[in-house]
Amino acid sequence: MTESSFMLEALELAKKGQFTSGKGACVGCIISKNNQIIGKGFYEFFGAPHAEIMAIESVRKKYRNNFNEVLAGSTITVTLEPCSEFGKTPPCLDEILKYNFKKIIIGQLDASQSSLERLKKSDIEVVTEEIPNELNKGFFKNLKYKKPYVRAKIAMSEDKKIAFIEDDNQWITCSASRLDGHKFRALSDIVLTGSGTIKRDNPALDVRDSEITQLKNFQQPIRAIIASESKLNADLKFFKTPGPKIIFCSNKDVYKNLDSVVDLEVFEIEDSKIKINLLRLLDELSSQDIHDVLLESGPKLITSFIEADLIDEFIIYIAPKILSNTALSFFEGEDSKSPFNSKDFILSEEASIESDKRIIYRRKNGIK
Ligand SMILES: NC(=O)c1ccc[n+]([C@@H]2O[C@H](COP(=O)([O-])OP(=O)(O)OC[C@H]3O[C@@H](n4cnc5c(N)ncnc54)[C@H](OP(=O)(O)O)[C@@H]3O)[C@@H](O)[C@H]2O)c1
């Protein structure tokens, strides 16, 4: 094996924590000697030992009697710059400096840490690789801009229609696409919708993919409704489903029938009489350490988010159907702002899910 394959392997390990790492970044780590892997670790859940510590411990377990000797002269490959500051756990850098590693290979730098400088002053050879890494978008966006990374998930027909005008019980996409969508809920700290969707579809908005929910440290994302004036009713599935819930509103009437609902927080975001200021809402989320947002709403709220240029990624499921006038368009604004036409977005991924297609548009110039 070569050192570049160790970084790919470390990235695969990092991915193992994608549904459980919570507010922490997904990180993978490989320790190798003479081109053989001797230790592995990844960051599993918020507050758990970091990937580097897990990898060092895995070597300790295997080589109890000559652990220090085995580590001396080895290479540590880690997808993210090790931490230099005390957080939930002590700094990984201090631990790394205890052993005589020959080399450290770092996949991505972390502007909140200063390990790189200190490592460069040590006897360890330091290699930095800016590896393409789809993980940790919210973590990096929050670090740079103090804003969460916003994904919008939309199911539509080939003619870009999102909802039937009359028949409430018809799905646009197939069940495999709908299950696939649960992965994006699980990647998020919060799933947001609008009062229009809550009243019309009565969704629970929780993750129901059992392969994910049975993971040992999986926690359901927070679920949230944006409602400026609609009165909400405690019988909705959203409120009956256990787990943390938030209402963002600008009028007390919205939640006056909800005294019986448990695990519910209400944020009043003052604004114009009709709409919630979405930028302020995202600031509020960021101040609560919420890094990844999934928007699953109808055309009104999607349009407001697009008009305010607040979406970083569109996950679009397209069913092979034409709905024409029987359905609502997904976006009510100017065509040039839709992800399909906007010069700021690029088609980044395409996949087939049975007869549906899943396409992902991301910002051309990365996070903003
Ligand atoms: N195919 C899909 O992917 C998908 C996903 C979700 C929903 N849908 C469909 O979408 C339809 C509902 O669409 P919708 O447009 O009525 O619902 P929506 O976009 O989910 O909710 C709109 C409501 O959000 C509130 N809101 C607060 N601040 C806002 C702001 N800044 N901008 C916009 N809205 C704000 C308003 O509530 P107040 O009235 O309280 O002021 C507004 O009426 C349903 O038929 C549903 O099936 C489709």
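The structure displayed is predicted, hence computed values, not measured ones.

About the thresholds
- Residues numbered from 1 in each chain as written.
- Predicted model: local features only at pLDDT ≥ 70, side-chain atom pairs only at ≥ 80, totals over all residues.
- Heavy atoms only, no water.
- Helix = DSSP H or I, 4+ residues; strand = E, 2+ residues; numbered from the N terminus.
- Rg over C-alpha atoms; globule rule 2.2 N^0.38 Å.
- Buried < 20%, exposed > 50% of the residue type's maximum accessible area, 1.4 Å probe, protein only.
- Contact = heavy atoms within 4.5 Å.
- Salt bridge = Lys/Arg side-chain N within 4 Å of Asp/Glu carboxyl O.
- Pairing = 2+ DSSP bridges.
- Axes fitted to C-alpha atoms, helices over the stretch in contact; angles between N-to-C directions.
- Disulfide = S-S within 2.5 Å.
- Domains from an automatic or database assignment.
- Buried area = accessible area lost by both parts, 1.4 Å probe.
- Near = heavy atom within 4 Å.
- Polar contact = N/O pair within 3.5 Å; in protein donor to acceptor, adjacent residues only side chain to side chain.
- Areas by Shrake-Rupley, 256 points an atom, 1.4 Å probe, with all protein chains shown as cover.
- Nonpolar A, V, L, I, M, F, W, Y, C, P; charged D, E, K, R; others polar.
- Arc of directions from axis to C-beta.

Peer 1: Would you explain the overall build of the protein in this entry?
Peer 2: Check the secondary structure of the protein and you find 12 helices and 16 strands. For 368 residues, the compact-globule estimate of 2.2 N^0.38 gives 21 Å, and the C-alpha radius of gyration of the protein, at 23 Å, lies within 12% of that figure. Each of the three principal axes of the protein carries a C-alpha extent, and together these read 70 × 45 × 35 Å. Going through the 368 residues of the protein one by one, you find that 51% of them count as buried. In the protein, the proportion of contacts linking residues at least 24 apart, taken out of those at least 6 apart, comes to 65%.

Peer 1: Which parts of the structure should I look at to understand the pattern of salt bridges?
Peer 2: Should their charged atoms come close, side chains of opposite charge can pair. The full count for this structure, using the stated rule, is 27 salt bridges. The residue Arg363 makes a salt bridge to Asp309 at a minimum N-O spacing of 3.0 Å. Here Arg363 is found in strand S16 (residues 356-363), whereas its partner Asp309 is found in the loop between helix H12 (299-307) and strand S13 (313-319), with 54 residues between them in sequence. Here the salt bridges do not stand alone but share partners, grouping Glu134, Lys137, Arg151, Asp180, Lys183, Asp292, Glu313, Glu349, Arg358 and Arg362 into one network.

Peer 1: How should I be thinking about the sheet that holds strand S1 (residues 28-33) in this particular structure?
Peer 2: The strands making up a sheet associate through backbone hydrogen bonding, with each pair oriented either parallel or antiparallel. Here we have five strands laid out as an open sheet, ordered S2-S1-S3-S4-S5, and mixed in their pairing. Each end of this open sheet is capped by a strand with a single partner; those strands are strand S2 (36-42) and strand S5 (125-128). Sheet twist, expressed as the mean angle between neighbouring strand axes with direction ignored, is 15°. When strand S4 (residues 103-106) meets S5, the two strands line up parallel, connected through four bridges.

Peer 1: Honestly, the state of the cysteines in this entry has me stumped. Any pointers?
Peer 2: Linking two cysteines covalently through their sulfur atoms gives a disulfide. Inspection of the entire model under this criterion finds zero disulfides. Here Cys26 is not disulfide-linked; the sulfur of Cys29 is the nearest cysteine sulfur, at 15 Å. Judged by relative accessible area, which is 6%, Cys26 ranks as buried.

Peer 1: What should I look at first to understand the domain arrangement of the protein in this one?
Peer 2: Frequently, the measure chosen for interface size is the accessible area removed from exposure when the parts meet. Domain boundaries assigned for the protein yield domain 1 (3-135) and domain 2 (139-363). Look at where the C-alpha atoms of domain 1 and domain 2 centre, and you get two points 35 Å apart. Listed per partner, the contact involves 15 residues of domain 1 and 15 residues of domain 2. In this assembly, domain 1 packs against domain 2 so that about 1,300 Å² is buried in total across both faces, 64% of it on carbon and sulfur atoms. Between domain 1 and domain 2 we count one salt bridge in total.

Peer 1: Can you help me understand H12 in this one?
Peer 2: Because an α-helix completes one turn every 3.6 residues, residues spaced three or four positions apart along the sequence face the same direction. For H12, a buried count of seven out of nine residues is recorded, marking the element as mostly surrounded by other parts of the structure. Turning to H12, its buried residues number three or more, namely Pro299, Leu301, Ile302, Thr303, Ser304, Phe305 and Ile306. With its phi angle positive at about 55°, Asp309 sits one or two positions after the end of H12.

Peer 1: Even after reading the chapter, I still don't get the pairing of strand S10 (residues 245-249), so can you show me in this structure?
Peer 2: On any regular strand, side chains alternate: one points to one face of the sheet, the next to the other face. Counting buried positions along S10 gives five out of five residues, so the element sits mostly inside the fold. Of the two faces of S10, the one lined by Lys245, Ile247 and Cys249 and the one lined by Ile246 and Phe248 are each fully buried. Of the strand pairs in this sheet, strand S9 (residues 222-226) and S10 are connected by four bridges, and their pairing is parallel. Bridge pairing in S10 links Ile225 to Ile247.

Peer 1: So what exactly am I meant to see when it comes to the site of the ligand here?
Peer 2: Neighbouring residues of the ligand: 26 residues in total, closest Thr197, Asp201, Ser228, Ser230 and Ser304. Between the ligand and Asp201 there is a distance of 2.7 Å, counted from an oxygen atom to a side-chain nitrogen or oxygen. Measuring from an oxygen atom of the ligand, one finds a backbone N or O atom of Pro299 at 3.4 Å. A total of 920 Å² of accessible area belongs to the ligand in isolation, and the protein chains cover 87% of it. Looking at the shell around the ligand, the elements that each hand over two or more residues are strand S6 (149-157), strand S7 (161-164), helix H8 (195-201) and H12. Here the shell around the ligand gets five residues from one element, more than from any other, and that element is H8. Of the residues that constitute the shell around the ligand, the class distribution is 11 nonpolar, nine polar and six charged.

Peer 1: How should helix H11 (residues 278-287) be read in this particular structure?
Peer 2: Among the residues of H11, Leu278, Leu281, Leu282, Leu285 and Ser286 are the ones counted as buried. In an axial view of H11, the angular spread of the buried residues amounts to 140°, which keeps them on one side of the axis. Looking at where H11 begins, the residue whose side-chain oxygen comes 3.0 Å from the main-chain nitrogen of Leu279 is Asn277. Just downstream of H11, Asp289 is the residue with a positive phi angle, here 65°.

Peer 1: Just to check I follow, could you spell out the sheet that holds S9 for this structure?
Peer 2: With mixed pairing, nine strands are arranged side by side in an open sheet as S11-S10-S9-S8-S12-S6-S13-S16-S15. Looking at which strands have only one partner, the edges of the open sheet turn out to be strand S11 (264-268) and strand S15 (345-353). Averaged over all neighbouring strand pairs, the angle between strand axes comes to 20°, with direction disregarded. Where strand S8 (residues 190-194) meets S9, five bridges bridge the pair, whose relative direction is parallel. The residue bridging Gly194 from the neighbouring strand is Ile226, located in S9. Along the sheet, helix H6 (residues 137-145) contacts S6, strand S12 (292-295), S13 and S16; its crossing angle with S6, the most-contacted strand, is approximately 135°. Packing against the sheet, H11 makes contact with S6, S8, S9, S10, S11 and S12, and its axis sits at approximately 145° to S10.

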